[in-house]
Amino acid sequence: MARRSIFLISGMVLCTALFEGFFSMGCKKAENQPSSTAVQSDVAKPAPPATPVPPPPPPKTPMGELTGVARSDKTTIEAMCVEKGKYLSAKPGTEVFTIPSMSTICGFDENAAPGKTFLVLQFGGKGQRNFDEDLTKFVSLTQGKYLVRLDEHSWLSDASGAKFKSGLLKTHKGPTTLSFEVPSNAAGLVWHYGKKQYQLEPHPVEIADAATSPSSKSEK
């Protein structure tokens, strides 16, 4: 009986020792394995979004600061009139030169022709020109055949070399605007004023002076 008790006690001691050994090995193994949290922390975090670059300041031009450029299927232009709503009309191609301060000028909205759009240049601040005292050209070229006001001092070109001369000028009631009707897919548009050149899209900015006016493939 005593011998049996000794065997039982010895077995219990051996089992306890084995259990402690396996438990210790399991703990060490667990310590050596990286946790899921540690793995996740090692994953590279996405780079923060780039800070948007602000547009350049509006370039100064003889017509004032070129504050904006937009494409639109409609624009406001000016024409000679007798009174509000009663415009002077003439045969297509008719040209009249007059000083705006000596004439009655009315504004109206004009729609772009199919397949075309208006590129509208908007100006702010004070420019060098006195629009009311300029000798200004009025031409009948719209659908309404009104004598519309043009700007003879500047023109527009695109990447293909096409040239657009009929800039529709508006100076009354709101900011001064200059609208050119161009093909809807026109790209690389540059506004020319004398030897000055201004890239218009995506933001208006002055570029190198033009030594000579580039040749054109077509005119409007």
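Structure shown above.
Residues numbered from 1 in each chain as written. Predicted model: local features only at pLDDT ≥ 70, side-chain atom pairs only at ≥ 80, totals over all residues. Heavy atoms only, no water.

## Description of the pairing of strand β3 (residues 74-83)
Note the cut-off: Here a strand pair is declared whenever DSSP counts at least two bridges between the two strands. Numbered from the N terminus, helices here are DSSP runs of H or I no shorter than four residues, and strands are runs of E no shorter than two.
Of the pairings in the sheet, the one linking β3 to strand β6 (residues 105-111) comprises 7 bridges and is antiparallel in character. Across the sheet, the residue bridging to Lys-74 is Asn-111, located in β6. One ladder, built from 2 bridges, connects β3 with strand β4 (residues 86-87); its direction is antiparallel. When the bridges of β4 are listed, Cys-81 appears paired with Tyr-87. Between β3 and the antiparallel strand that follows it, β4, lie 2 residues; Gly-85 among them carries a positive phi value of about 90 degrees.

## Some words on the sheet that holds strand β11 (residues 163-164)
Spatially, the 5 strands line up as an open sheet ordered β11-β10-β14-β15-β16, and their pairing is antiparallel. The open sheet has two free edges, formed respectively by β11 and β16 (205-207), since each of these has just one partner strand. Where strand β10 (residues 154-157) meets β11, 2 bridges bridge the pair, whose relative direction is antiparallel. Bridge pairing in β11 links Ser-157 to Lys-163.

## Looking at the packing of aromatic side chains
Definition in use: Ring pairs are drawn from Phe, Tyr and Trp, using the six-membered ring of Trp, whenever the two centres fall within 6.5 Å, and their geometry is named by plane angle: stacked under 30 degrees, edge-to-face over 60, tilted for the rest.
Under the criterion given, the structure shown has 6 aromatic pairs. Ring centres 5.4 Å apart and planes at 65 degrees place the aromatic pair Tyr-87 and Phe-108 in the edge-to-face group. Taken together, the positions of Tyr-87 in strand β4 and Phe-108 in strand β6 put the pair 21 residues apart, joining distant regions of the chain. Taking the centre distance of 5.4 Å and the plane angle of 55 degrees together, the rings of Phe-123 and Trp-191 count as tilted.

These values are about where atoms sit, not about what they do.
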